[in-house]
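Structural characterization, general
Spelled out from the first residue to the last, the chains are:
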Amino acid sequence: MRLQPIPALSDNYIWCLTDDDGMHALIVDPGVAAPVLEALVAPPAAILLTHHHGDHIGGVPGLLECWPGTPVIAPEDPRVPLATRRVSDGEAVQVGPWGFTALAVPGHTRSHLAFHGHDLLFCGDTLFSLGCGRLFEGTPAQMLASLDRLAALPGTTRVCCGHEYTHSNARFARAVEPDNPALARLSEELHTMDQTGKATLPTRLADELACNPFLRIDVPAVRAGIRERAPAAPAADASRDAWFGALRAWKDGFAA
Ligand SMILES: [Zn+2]
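Keep in mind the model is a prediction, meaning the values are calculated, not measured.

Thoughts on the pattern of salt bridges
Across all of its chains, the model carries 13 salt bridges by this definition. With its nearest N and O atoms 3.4 Å apart, the salt bridge here joins Glu228 to Arg229. You can call Glu228 exposed: its relative accessible area is 58%. When its relative accessible area of 37% is taken as the criterion, Arg229 is described as partly exposed. For Arg248, the salt bridge identified is with Asp252, shortest N-O distance 2.7 Å. Placement of both Arg248 and Asp252 in helix H9 (residues 240–252) is noted, with a separation of four residues, approximately one turn of the helix. Residue classification places Asp252 among the partly exposed residues on the basis of a relative accessible area of 37%.

Quick notes on the coordination of the zinc ion
The protein atoms that coordinate the zinc ion are His51 (NE2), His53 (ND1), His108 (NE2) and Asp125 (OD), at distances of 2.2 to 2.3 Å. With four donor atoms in place around the zinc ion and angles of 89 to 170° between them, the coordination shape is irregular.

A short note on the nonpolar core
In terms of nonpolar packing, the biggest core is built from 51 residues, with Leu26, Phe115, Phe122, Leu150 and Ile226 touching the most fellow members. Take this core: its biggest share by element is five residues, from H9. In contact with Leu150, not counting residues within four places along its chain, are Leu103, Val105, Ala114, Leu121, Cys123, Thr126, Leu127 and Leu205.

Notes on the sheet that holds strand S2 (residues 12–18)
Overall, mixed pairing links the six strands, which are arranged S1-S2-S3-S4-S5-S6 in an open sheet. In this open sheet, the two strands that pair with only one neighbour each are strand S1 (2–8) and strand S6 (85–87). Averaged over all pairs of adjacent strands, the angle between strand axes in this sheet comes to 25°, irrespective of strand direction. The pairing of strand S4 (residues 46–48) with strand S5 (residues 72–75) spans two bridges and is classified as parallel. Paired with Leu48 across the bridge in S5 is Ile73.

Focus on the state of the cysteines
Tallying each qualifying case throughout the model produces zero disulfides. Unpaired in terms of disulfides, Cys132 finds its nearest cysteine sulfur in Cys123, a separation of 11 Å. A relative accessible area of 5% places Cys132 in the buried class. Of all cysteine sulfurs in the structure, the one in Cys161 sits closest to Cys211, which takes part in no disulfide; the separation is 14 Å. On the basis of relative accessible area, Cys211 is assigned to the buried category, the value being 3%.

Considerations on the packing of aromatic side chains
One pass over the full model with this rule turns up seven aromatic pairs. Plain terms: the ring middles of Phe172 and Phe214 are 6.1 Å apart, the flat faces sit at 25° to each other, and that makes the pair stacked. Linking Phe172 in helix H5 (residues 166–176) with Phe214 in the loop between helix H7 (205–211) and helix H8 (220–229), this pair joins segments that are 42 residues apart in sequence. The exposure class of Phe172 is buried, given its relative accessible area of 0%. A relative accessible area of 1% means that Phe214 is categorised as buried. Ring centres of Phe214 and Phe244 lie 5.8 Å apart, and the angle between their planes is 75°; this geometry places the pair in the edge-to-face category.

Description of the packing of H8 against H9
Their axes nearest at 10 Å, the elements H8 and H9 cross at an angle of 60°. Taken as axis vectors, H8 and H9 run oblique relative to one another. Handedness of the H8/H9 crossing: left-handed. From H8, Arg223, Gly225, Ile226, Arg227 and Arg229 reach across to H9, where they touch Arg240, Trp243, Ala246, Leu247 and Trp250. The residue makeup of the contact of H8 with H9, split by class, is five nonpolar, one polar and four charged.

Focus on the environment of Leu201
Along the chain, Leu201 turns up in the loop between helix H6 (181–196) and strand S14 (203–204). Using a relative accessible area of 6% as the deciding quantity, one classes Leu201 as buried. Here the alpha-carbon distance between Leu201 and His163, two residues 38 residues apart in the chain, equals 9.0 Å. Setting aside anything within four residues of it in sequence, one finds Leu201 in contact with Pro5, Tyr13, Trp15, Ser129, Val159, Cys161, His163, Glu164 and Thr166.

Considerations on the layout of surface pockets
Roughly 200 Å³ of volume is contained in the largest pocket. Taken together, 13 residues line the largest pocket, and the ones lying closest to its centre are Phe128, Cys132, Gly133, Arg134 and Tyr165. Taken together, the residues that form the lining of the largest pocket break down as four nonpolar, four polar and five charged.

Here is what the cut-offs are and how they apply
- Residues numbered from 1 in each chain as written.
- Predicted model: local features only at pLDDT ≥ 70, side-chain atom pairs only at ≥ 80, totals over all residues.
- Heavy atoms only, no water.
- Salt bridge = Lys/Arg side-chain N within 4 Å of Asp/Glu carboxyl O.
- Buried < 20%, exposed > 50% of the residue type's maximum accessible area, 1.4 Å probe, protein only.
- Helix = DSSP H or I, 4+ residues; strand = E, 2+ residues; numbered from the N terminus.
- Donors = N, O, S within 2.8 Å, 3.2 Å for Na, K, Ca; no water.
- Tetrahedral: all angles 85-135°; square planar, octahedral: opposite > 155°, others 65-115°.
- Core = buried A, V, L, I, M, F, W, Y, C linked by side-chain atoms within 4.5 Å.
- Contact = heavy atoms within 4.5 Å.
- Pairing = 2+ DSSP bridges.
- Axes fitted to C-alpha atoms, helices over the stretch in contact; angles between N-to-C directions.
- Disulfide = S-S within 2.5 Å.
- Phe/Tyr/Trp six-rings, centres within 6.5 Å; stacked < 30°, edge-to-face > 60°.
- Parallel < 35°, antiparallel > 145°, perpendicular 65-115°, else oblique.
- Left-handed = near helix turned anticlockwise from the far one by under 90°.
- Nonpolar A, V, L, I, M, F, W, Y, C, P; charged D, E, K, R; others polar.
- 1 Å grid on protein atoms, 1.4 Å probe; cavity = no way out; pocket = protein on both sides within 12 Å on 5 of 7 lines; lining within 4 Å.
- Points joined across faces, edges and corners; volume = space filled by probe spheres on them.

Rendered as structure tokens:
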């Protein structure tokens, strides 16, 4: 099995999974068609779509033009056209030799899905390495509940995010939690990668649990960072949702 992030647009990744004999392929979130047509010699077994934003679905018409009849698996949302199958939370999705479970993860958008299976998580714009998606259609409580679900997956899970935001997210994460040794180590590795221009993804869920402030809202050092440095901090006895909302708002205004 080969997992490949195909860079697209300014900082998107289209995920491409192929099996060892090259018989089957799976494409996730094709924001554009051209690099996928270049990467694959035969039609994919299916296209998975996590949410309706154009930079995740814009390539679907071009792919279907070349490869008519390719299954397109998408959330229950009319803003994602051309779907051949709509799935909702908990539904099993079989693509060639691979089985995935759809997980409803609202927050970035209200109908956002993630797909989990084979120790892989395709999570679109919900979870990023060292960050999380902006709350375009959801509340902090919804996004936090979605991230809690993802955080409960096995630590070995390889997290396949929709964007290469890791370097700027790392600067924010260090502002939140400057004394986290795991984060310092990861930042060092990222610095080396930056020189080579290599994709920082997929990331391992265990590393995210150790370093990503949005998965660490219950950690005292993260709350101390918010209290001391965020433009608006909640009261000490505020809810987790309120702490999470303050962290997300801080990031929204953070110049990395
Ligand atoms: Zn998006």
